[in-house]
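The chain contents come next:
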Amino acid sequence: KNKEDKNKEDPYEKLKGPNFIKIEEIKRDEHIDKDYKLIIMEKAMGNIEELYHDNLLLKLRFNPFNKNLGDNLLRFFSKQIIDCLEIMDRNYYVHFNIRPDNILIFQNLIIKLSGFSLITKVKENQELKIPKGKKPNFTPEYFLNTPISKEDAKKQDYFSLGSTLFFLIYGIDMFKKYGLNSDEKEKNDDKNSEIERNRFKINYILSNIISQIESDQTLEKDLIEFLHNLLNYTPEERPNFESIYRNKWLNKNNKEQREIMIINHN
């Protein structure tokens, strides 16, 4: 940071909880006009994306199952991500970077959120642009490159929750499946046509994804509705945090989940 900015609040120091990556130590040094910071974080066993790519059972040439996670485990992971969303909401932050390779796995299947390079503090009545990272999370609003409201900014994370749950269920990145690659660089020639092309593409992707979810007879009806709402094309149609927190599918079998955790804790 520039020295005049060195005392500004860093979000990763503010956001603390069992499902945020823990900071073990912060080393600081000043040199000329810059303030340097080395952040040492706790070591994870891996991230959720690696769970699929490194697990030999999921590398079978033929997988007879439509989905890779049972509902209780999916709920267990979902609730931990939602606990992070609640803490960020209370502290007026939007992560903008929730995706499988930023969700780390620890012992006892505890998951922790990392990857705070795009995290942004949002204020009441503030409009802001969606930050552009090396591996962005695509929403239809991402390609507009116009300011969005505080509420729509939060719904970028809710959409990312939906795309992460899709990955956990099927082991597939829904964007790469249909050819929208986050590693592609934006083309500088004819930006308007590029924006329209990408918006058309993500509309096509979401239509296919919703059709896939709704036709999957192995999914519970309430889970289908939950995913559909999170992945709605317009932010106005996506649920607010209160609706997500109290979702019927998410809070089903709470007692059974607690018993499973107690029995299998070690």
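Before any of the text, the structure's been laid out above.
What to know about the pattern of salt bridges
Now for step 1: Scanning all chains against the criterion turns up 11 salt bridges.
Now for step 2: Of the charged contacts in the structure, one is a salt bridge between K154 and E151, with a shortest N-O distance of 3.6 Å. Here K154 and its partner E151 are both found in helix 4 (residues 150–170), three residues apart, which amounts to about one turn of the helix.
Now for step 3: K154 sits in the buried class, given a relative accessible area of 14%.
Now for step 4: A salt bridge links R246 to E242, with the nearest nitrogen and oxygen atoms 2.5 Å apart.
Now for step 5: Judged by relative accessible area, E242 falls into the partly exposed class, the value being 41%.
Now for step 6: One connected set of salt bridges, linked through shared partners, spans R75, E220 and K252.

Describing helix 7 (residues 221–230)
Now for step 1: Buried residues of helix 7: L223, I224, F226, L227 and L230, and no others. Along the axis of helix 7, the buried residues cluster in a sector spanning 165 degrees; they form a single face.

A word on the sheet that holds strand 5 (residues 103–105)
Now for step 1: With respect to topology, three strands assemble into an open sheet ordered 3-5-6, the strand pairing being antiparallel. Only two strands of the sheet have a single neighbouring strand rather than two, namely strand 3 (46–47) and strand 6 (111–113).
Now for step 2: One ladder, built from two bridges, connects strand 3 with strand 5; its direction is antiparallel. Residue pairing in the sheet places G46 in a bridge with I105 of strand 5.

Section: the environment of G115
Now for step 1: Relative to the helices and strands, G115 resides in the loop between strand 6 and strand 7 (120–121).
Now for step 2: Distance in space between the C-alpha atoms of G115 and N102 is 5.5 Å, their sequence separation being 13 residues.
Now for step 3: Those residues in contact with G115, other than ones at most four positions away along the chain, are H95, N97 and N102.

Conventions adopted
- Residues numbered from 1 in each chain as written.
- Predicted model: local features only at pLDDT ≥ 70, side-chain atom pairs only at ≥ 80, totals over all residues.
- Heavy atoms only, no water.
- Salt bridge = Lys/Arg side-chain N within 4 Å of Asp/Glu carboxyl O.
- Helix = DSSP H or I, 4+ residues; strand = E, 2+ residues; numbered from the N terminus.
- Buried < 20%, exposed > 50% of the residue type's maximum accessible area, 1.4 Å probe, protein only.
- Arc of directions from axis to C-beta.
- Pairing = 2+ DSSP bridges.
- Contact = heavy atoms within 4.5 Å.

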